[in-house]
Structures are given as C-alpha cells and as structure tokens.
Amino acid sequence: MRRGTLVRWGLPVAVASVIGAAIGAGPVIAAVSGDPVLPERSAAQLLADATAATQKGGIAPMSGTVQQTASLGLPALPQLSQAGGSSPLSLLSGSHEVKVWYGAADKLRVAMPTQMNETNLIVNGGQVWYWESDTNTATRMTVKTPAGHKRPVPPLPEQAALTPQQLTEQLLARADEHTAVRVVNTAEVAGRPAYQLVITPKDEGSLVREVRIALDGETYVPLQVQVYAKGSAEPAFQVGFTQVTFTPPAEENFTFTPPAGAKVEERTIDLADLVGRRVEERTERAKDVAEQAKVVGEGWSAVAVVPFSLDDLSAEARGKDASGARGDADPQAMLDAVLKSATPVSGDWGSGKLIRTKLVTVLLTDDGRILAGAVTPDEIVKAAGVK
Amino acid sequence: MSTAEDTPPTGTATATAQTTPETTAPETTAPETTAPETTAPETTKPGMTASRGGGTAPGGGATVVAAGPRRAPGLVSVAETRSTAERRPVEPAPAAGRPPAAPQRRAGAFWRLLGSELALTFRRPRNLLMLAVLAVVPVVVGIGLRLVGAPDDDLSGMIAAVAGNSLMLTFAAFSFLVLLLMPVTVSVVAGDALAGEAGGGTLRYLLAAPAGRTRLLAVKYLNAAVYAYAATAVVALSALVTGLVLFPAGPVTLLSGTTITMAEGLLRIALAVGYVGAAMSALAAVALAMSAFTEVSIGAIAATVVLVVLCQVLRAVPALDAVAPYLLPTWFMKFDAVLRSPVDWAALGEGLRAFGAYVVLFGSIAWARFSGKDITS
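Since the model is a prediction, treat every value here as computed from it, not as a measurement.

Asker: So what exactly am I meant to see when it comes to the overall build of chain A here?
Answerer: When helices and strands are counted, chain A shows 7 helices and 18 strands. By the burial criterion, 34% of the 387 residues in chain A qualify as buried. Contacts in chain A between residues at least 24 apart in sequence constitute 52% of all its contacts with a sequence separation of at least 6. Carbon and sulfur atoms make up 57% of the accessible area of chain A, which amounts to about 21,900 Å² in all.

See below:
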C-alpha cells in the first residue's frame, strides 16, 4: 500500500474520531472537568437552602425536556415493548421523553411526543385538558375537591415548630444509622451546575449502591434522580432533565381549545369519591394482607414477606385476561415469562423460585410466601429462614 | 468494454502510476504545488502529490495526456488523473499579474460541470420515471382515503387528520414514503453516480477533462443532493395539490392539538421539505461512498437500500434501542417536529447535526476511495 493511500484514509478516520468524540465527549467532559463552580455545602446546609427556596416562592417557572431511562435488568417480558407509549408498564424498560412547561402552581403542560403523535396534559387554573392526537380526542377533566378540603400542600413534618436547618439536621441524624449522605458540588445536569446529594446505603446486603439526587445550583429545583445498582456503572433507573430553562414559558402553552373536528369528552373526577371508594376497596384487602405481612430486617436491607399463592395469582391473571382489558399486556403471558426466568433455590427453610433484577430480588417460596426487597439473593434467602 | 482484456492487473497499474510522475510533473505550476515540502499531510490533496518528482521544469501542462509508451490503453492511473485533475492553462508566474482570473475560471468550470450533470440527471428517463412514481403515490393515497374514510367514523389520528385538512396529506405522504420509497429513489441516482460512469467506461473521459477528482466528487454529490430535494419537493407538491383538490382547506390542527392558520401550515410544509430533503441528501452521501467502491452501479444501489432496510429492522428490535440514535433512518421521521406546538427546533437541530455527520463521514470515505482509485475500465 502506498503511503499516500494511508494518509488519504486518514481523513475518514479523523472525521470518524471527531464525530465519535463529539458524541462521547459530552458526558466525559462534564465528569472530568469538575471545576467546582458552586461553593461547597454540607448535606444539612444544602437541604436547608432547598427547603427555604421552595417555601419562599414555590418552584420557579421553567420548561424543559425530561428523560426517564430504566435498565432494571428485568426478565424479557412479552408485550412490554408493545404495551403502548402511555402504559405505565412501558416505563419499566427503555427510555422515554416528555416535555414539560411549568408556569405556576396551577399552570402546567406535559407533552409526550411519539412518532407522528402526541399526548398532552394541560392544566390551567381549574381547567384540565387531556389531548390525544392518535384518537383525536380532547378530554376536559374537572377536578372536584372535597368540600372544606384545601389543595393539599405537601407539609413537611413538624414544619411549624422547626426552622429548615433544624428539620434537615433531624432528618439526617435519623438517616445516619443506615445511610451515608454526602454532597458533590461538581455535577452538571442539563448544562447547569448542580449539587448532587449522594445517598449510600451502609448495609452490605443492599442491591442499591447509591442514589444521586441532583439539585439545581441556583434554584434548588430537583433536576435529576439516579439509582445505581451494585456492580454496574450506568444507573439502573434515571429520571431527569436533559434540557431546562428557568424562564416563564409562553402563555399559549397553557391555553387549549379543542380543535375543530376533534371528539370532546367531559369527565369529572371527584377526588372525595375516588379516594373514598378506592380506600374502602383497598382497606379490606390491605387489612388481610397486613395481618399476615411482615418486614424482616431494617433500613435498606428490609425484606417484605407477604403470603400468597401462585394459583390465586394465575387465576386472577386469567380473570383479567378474560375481561379483556383493551391494550393491556396479557397478564398470564407475562406471569409465565417471569416464572420462566426464575431460578429454583432451596435451603433448610424449604424451596422456592428466585427472580433477580438489578435493584429488586423476589423470592416465591413453595410454602406460599412472597419475599421482596432491594437486597442480594443471599440476604433474601436468609430472610426466608426467619419465620 | 473492449479494452478490458488489455487492462493490466493492478500490480502493473501501480507500477505505471509510479512511473508517470516523471512525465507529468512538469505541468504542475499551480500556486499550491510550489510548496517545497510534499510529504506533509495537507500536500496529499489530488494534484499536489504530482509535484513529488520535482515540479521545477517549465511549462507544457497541456501535453500530459500523452503518457509513456508503456501505458496500457484504457488505464487511467491515479497519478495521471491527479495531475490532469488540476491541469489548467499554464499561467505565468504570480509576479506576472492577473492572479484572480484562475479561481474565477475554476469556479465557472465547476458550475458548468454541475449544470451538465444536472441536465443529464433530469433528462434521464429512469430518473424522471422514479419522480413520477413518487408523485403518484400521494394521489393514490389521497383518493383511497377519500373513498374509504367518511369523516364521521372512528378514524385513527393521522387518517382523520388527513380527512379533516388538505395540508395534512403532505405529512402523511412523507411519513410513509420516507421509510423506503424515497431512500430507494435517491440511492439509485447517488449510487449510480460514480459506479455507473465507471461501469460504462465514461469515467475516464470525465477525468480526462480538466475537472479533478475532488471536484468531480463534489459535483456528483451536489447533483445527487439536488435530486434528493427535487424528489422531496415532488412528493410535497403532489400531496399538496391532491389534498387541496380532495379535502377541505382551512386552519390546520397540529399534533399538539393547537390550530394554526393555513399560511402557517404551508410554512411548516416548507420546513418539512427542507428537513426531509436534508435527510435524503445525507443518504445520498452514503450511496455515493458505496458507489466509489464498485464499478457495478446496481451493487452500490443495492448495498445502500439493504443498509436502509437493515437499519429499519434494527430500529424495530426493542432490545437495540440504544443503537437507534446512531442509525440514519431513525432521524428521517423526525420531521414530525414541525407538527408540534411550539415547533420542536431542538429535535430538528439534532436531526440536521446527525445528517451533517453522515455527510462528512461518508463524503470523506468516498473521497479517500475515489481519489486513490485506478480507473481500469
């Protein structure tokens, strides 16, 4: 080969490496060039500031793109991928993107763009619109809050009695037993310098390596949450902004008039009714379960033990299947797929089937118990021995 | 060609290539070749390496074609076309004045060459037939929708949107033509660009003309890109006219549920044409690179189409979601960003950056291959 040929082919190689560098360098630069733009803070100071900032004026008006990525290491479920963009199940794998416009506490637009389609939720004052372009349907939702019940402000416990500093100190002291908390001030999320609150479980048996919560360095708005599993460098679950601006979004984002030719539906959501009925339904079952359920271990290595029977579960799945919930994944097929991926284990406590994911381990024992926890298989087997 | 039997094997071709600089060197009096050091990377541009032999001997550039007697008929070696590439009328030394004349003439030659290429492309019945097929598809779809879909039925989103507004047919037409038919059309023209000339034996005449390999490649690519835009425009126009004839005109409903005026809708169609045209031009770069590797144009065309289909298959596998952003066809469909409110400029920009990366990468591959290729047919 002539030298000229080699040199000539150097150009495509150079181009490829430049493109590769441009694609790959973004995160690397962000990670490496860790010049702390933000002053150092302790976890207590940071949380206190964040609480103070939120209490003062609420969350600042903003707009941006939120991306959610999950690689939980779930067994391959049939239909999970076909479960449609809006199905909650589809959030368990792959990557999803929504656009968010936030004007004030009662002005919000969330759009989920998919190929040649878009689903929108627009909240403006008391008016809530839900727009689906693939069915050409606009739904006006009226939320009836129970009389005398004000908009629930998420109250922090003992808020009145404590300053934010005291509150966070208490919280951190309580967490200290099982958890190490530190603050990284070199993080960058969506191009903005951010503090990262790193929460590391102290328990050896936990599958969670650490949880990272990024707070914007200026406004203290949470920008990103990442959950890292042990033994993998990429987060097992991540939700956060990929792009964000803290300017009030244009007003037309929050006005919605159903387009001509669209189906318009009205739906009233009575919070009192909804909550009431649901609670009634659930308390019955919850009571049953709660009587028999127990928690083994504490902190991050807690394992929930609930009695169950595989036959019941299958029957229920079949029942649901027969009722034919439209668009939902076939529960029976999913159950089968999960059980197929399970590995049999046994010990002096009996035997069972173990389902492993990156963050959660589930053990179905043959004597009719289900154990679940964010712990290693060894731990969960140990918990199975505790009667 | 009849000269195929006379063509020496590649080894001999290389030998010839190495002997020709002695005979061709004298003509290189272009300003850039006067650089004394020729081993630096930037001097490997076509036309410049020819000065390896010396470049100090005077004049006689027009006589290069008459090479040594050992030269096999039908062979245009690398070294020779590199020198003929930059051959232009002998200019006096820069001291003698009128330096601006040359670049102007060069630019003029470039546009003349592009003009003749375009004329050839758009006069070729095959290419026109493909455009006609592209134009017919939206008409057929429009008529089909008109006959099948009564607007009051439970129609799914896109069909209902098309039935409700004339402009939406354009976007609907793009959304399925962009998957295969438009890529095939563009691949045929771009994949034929170099391989077709090489296979037909016309490439060496093109290179014998004072065009230069790099410039010929640029002309071929621009030609393919113009055809790509023409194909996009044909689809848009045909769909627009069909839509206006068959469906009610008026304000357009976007995917976000917002309604915009018809004028703004036309503007968004123009945006979509710009984006889809860029997408097809990026694919043309891939096809051109394939074309530089073969003398059988159907090979280059098939390779490109297979690549497109392969990418579509890879995109359909959920487990390979992580790969999808790096595949060119993933970005074809992103023109739907113009149908959102507000227009998703970030998505469009990202797509255009991906197209740019593909054009530069495959353009450089095509150049590296084509500028060092012995033309043996």
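Asker: Teacher, can you tell me more about the confidence of the model for chain B here?
Answerer: Interpreting fine coordinate detail is not advised for predicted regions of low pLDDT. Residues and elements named next belong to chain B. When pLDDT is averaged along chain B, the result is 77, and 69% of the positions lie at 70 or above. Ignoring residues within four places in sequence, the model shows residues 1–71, a span with pLDDT below 50, making 79 contacts including any to other chains. Per-residue pLDDT stays below 50 along residues 83–99; that stretch engages in 31 contacts with residues further than four places along the chain or on separate chains. Our summary of model confidence lists the complex with pTM equal to 0.74 and ipTM equal to 0.72.

Asker: Help me understand the pairing of strand E15 (residues 343–347) of chain A, please; the structure alone is not making it clear to me.
Answerer: Regular strands show a simple pattern: their side chains alternate between the two faces of the sheet. Residues and elements named next belong to chain A. Two elements, E15 and strand E16 (residues 350–356), share 5 bridges in a ladder whose sense is antiparallel. Within E16, the residue paired with threonine 343 across the bridge is leucine 354. Where E15 folds back on E16, the antiparallel hairpin that results is connected by 2 residues.

Asker: Sorry, what's going on with the UniProt feature "transmembrane region" (unreviewed entry) in chain B here?
Answerer: Residues and elements named next belong to chain B. Under the local residue numbering, the UniProt record ascribes the feature "transmembrane region" (unreviewed entry) to residues 128–149, 155–181, 224–247, 267–289, 296–317 and 351–370. Taken end to end, residues 224–247 has its terminal C-alpha atoms 34 Å apart, with 96% of it in helix and 0% in strand. Counted over residues 351–370, helix gives 100% and strand 0%. Its end C-alpha atoms are 28 Å apart.

Asker: Whenever I open this one, the packing of aromatic side chains confuses me. Can you help?
Answerer: How two aromatic rings sit relative to each other is given by the distance of their centres and the angle of their planes. Evaluation of the coordinates by the stated rule reveals 9 aromatic pairs over all chains. Here Trp9(A) and Phe293(B) contribute two aromatic rings whose centre-to-centre distance is 6.2 Å and whose plane-to-plane angle is 45°, an arrangement assigned as tilted. Linking Trp9(A) in helix H1 (residues 3–32) with Phe293(B) in the loop between helix H10 (262–292) and helix H11 (297–316), this pair reaches from one chain into another. Under the relative-accessibility criterion, Trp9(A) is labelled partly exposed at 27%. Its relative accessible area of 42% is what places Phe293(B) among the partly exposed residues.

Asker: Even after reading the chapter, I still don't get a nonpolar patch on the surface, so can you show me in this structure?
Answerer: Residues and elements named next belong to chain B. A cluster of nonpolar side chains, namely Phe176, Leu179, Leu180, Val309, Val313, Val317, Leu320 and Val323, defines an oily patch on the protein surface of about 550 Å² accessible area. Tracing the chain through its elements places valine 309 in helix H11. Using a relative accessible area of 37% as the deciding quantity, one classes valine 309 as partly exposed.

Asker: Where do I start with the nonpolar core in this structure?
Answerer: Soluble globular proteins tend to pack their nonpolar side chains together in the buried interior. Counting 91 residues, the largest nonpolar core has Phe171(B), Phe174(B), Met280(B), Phe335(B) and Phe355(B) as its most contacted members. Broken down by element, this core gets its largest block of residues, 17 residues, from H10(B). Once residues lying within four places of it in the same chain are set aside, the contact partners of Phe335(B) are Met116(A), Phe171(B), Phe174(B), Ser175(B), Ala272(B), Tyr275(B), Val276(B) and Leu348(B). Counting residues in each nonpolar core, the second largest holds 12 residues, with Val66(A), Val100(A), Ala214(A) and Val244(A) among its members.

Asker: Whenever I open this one, the environment of Thr179(A) confuses me. Can you help?
Answerer: All names here are of chain A. Of note, threonine 179 is situated in strand E7 (residues 179–189). Judged by its relative accessible area of 8%, threonine 179 falls in the buried class. Separated by 22 residues in the primary sequence, threonine 179 and proline 201 have C-alpha atoms spaced 4.6 Å apart. Once you skip the residues sitting within four places of it in the chain, threonine 179 turns out to touch Ile199, Thr200, Lys202 and Trp300.

Asker: So what exactly am I meant to see when it comes to the sheet that holds strand E14 (residues 303–307) of chain A here?
Answerer: Hydrogen bonds between backbone groups are what pair the strands of a sheet, and the pairing can be parallel or antiparallel. Residue and element names in this part refer to chain A. Pairing is antiparallel across the open sheet formed by 6 strands, whose spatial order is E13-E14-E18-E17-E16-E15. On the outer flanks of this sheet lie strand E13 (294–296) and E15, each paired with one strand and no other. Recorded for the sheet is a direction-independent mean angle of 25° between the axes of neighbouring strands. Lying on the sheet, helix H7 (residues 377–385) is in contact with E13, E14, E16, strand E17 (361–365) and strand E18 (369–373); it crosses E18 at an angle near 140°.

Asker: Help me out: how do you make sense of the packing of helix H7 (residues 181–200) of chain B against H11(B) in this one?
Answerer: How two helices pack is summed up by the angle between their axes together with the distance between the axes. Residues and elements named next belong to chain B. Here H7 crosses H11 at 145°, and the two axes come no closer than 7 Å. Considering the relative orientation of H7 and H11, their crossing is right-handed. Counted together, Pro183, Val184, Ser187, Val188, Gly191, Asp192, Ala195 and Gly196 of H7 and Ser297, Ala300, Ile301, Thr304, Val305 and Val308 of H11 form the full contact between these two elements.

Asker: Whenever I open this one, the pairing of E16(A) confuses me. Can you help?
Answerer: All names here are of chain A. Of the strand pairs in this sheet, E16 and E17 are connected by 5 bridges, and their pairing is antiparallel. Across the sheet, residue glycine 352 finds its bridge partner in E17, namely threonine 365. Between E16 and E17, which pair antiparallel one after the other, the connecting turn spans 4 residues.

Asker: What should I look at first to understand the pattern of salt bridges in this one?
Answerer: If the charged atoms of two oppositely charged side chains come close together, the side chains can form a pair. With the rule as written, the count across this model stands at 18 salt bridges over all chains. Across the pair Arg109(A) and Glu118(A) runs a salt bridge whose closest N-O atoms are separated by 3.3 Å. Of the residues examined, Glu118(A) reaches a relative accessible area of 3% and is grouped as buried. Measuring nitrogen to oxygen at the nearest pair gives 2.7 Å for the salt bridge that ties Glu197(B) to Lys220(B). Taken together, the residues span a long stretch of sequence, with Glu197(B) in helix H7 and Lys220(B) in helix H9 (residues 213–246) at a distance of 23 residues.

Asker: Just checking my understanding: could you explain the packing of helix H4 (residues 125–148) of chain B against H9(B) for this structure?
Answerer: Residue and element names in this part refer to chain B. One way to put it is that H4 packs onto H9 with a least axis distance of 9 Å and a crossing angle of 30°. Relative to H9, H4 is oriented roughly parallel. Along this stretch, H4 crosses H9, giving a crossing that reads as right-handed. Contact residues: H4 offers Asn127, Met130, Leu131, Leu134, Ala135, Pro138, Val139, Gly142, Ile143 and Arg146, while H9 offers Tyr227, Ala230, Ala231, Val234, Val235, Ser238, Ala239, Thr242 and Leu246. The class makeup of the residues in the contact of H4 with H9 is 14 nonpolar, 4 polar and 1 charged.

Procedures and definitions
Residues numbered from 1 in each chain as written. Chains lettered and ligands numbered in written order. Predicted model: local features only at pLDDT ≥ 70, side-chain atom pairs only at ≥ 80, totals over all residues. Heavy atoms only, no water. Helix = DSSP H or I, 4+ residues; strand = E, 2+ residues; numbered from the N terminus. Buried < 20%, exposed > 50% of the residue type's maximum accessible area, 1.4 Å probe, protein only. Contact = heavy atoms within 4.5 Å. Areas by Shrake-Rupley, 256 points an atom, 1.4 Å probe, with all protein chains shown as cover. pLDDT = per-residue confidence, 0-100. Pairing = 2+ DSSP bridges. UniProt positions renumbered as here; feature names shortened; annotations may be inferred. Phe/Tyr/Trp six-rings, centres within 6.5 Å; stacked < 30°, edge-to-face > 60°. Patch = residues over 30% accessible without salt bridge, like charges linked within 9 Å, V, L, I, M, F, W, Y side chains within 5 Å. Salt bridge = Lys/Arg side-chain N within 4 Å of Asp/Glu carboxyl O. Core = buried A, V, L, I, M, F, W, Y, C linked by side-chain atoms within 4.5 Å. Axes fitted to C-alpha atoms, helices over the stretch in contact; angles between N-to-C directions. Left-handed = near helix turned anticlockwise from the far one by under 90°. Parallel < 35°, antiparallel > 145°, perpendicular 65-115°, else oblique. Nonpolar A, V, L, I, M, F, W, Y, C, P; charged D, E, K, R; others polar.

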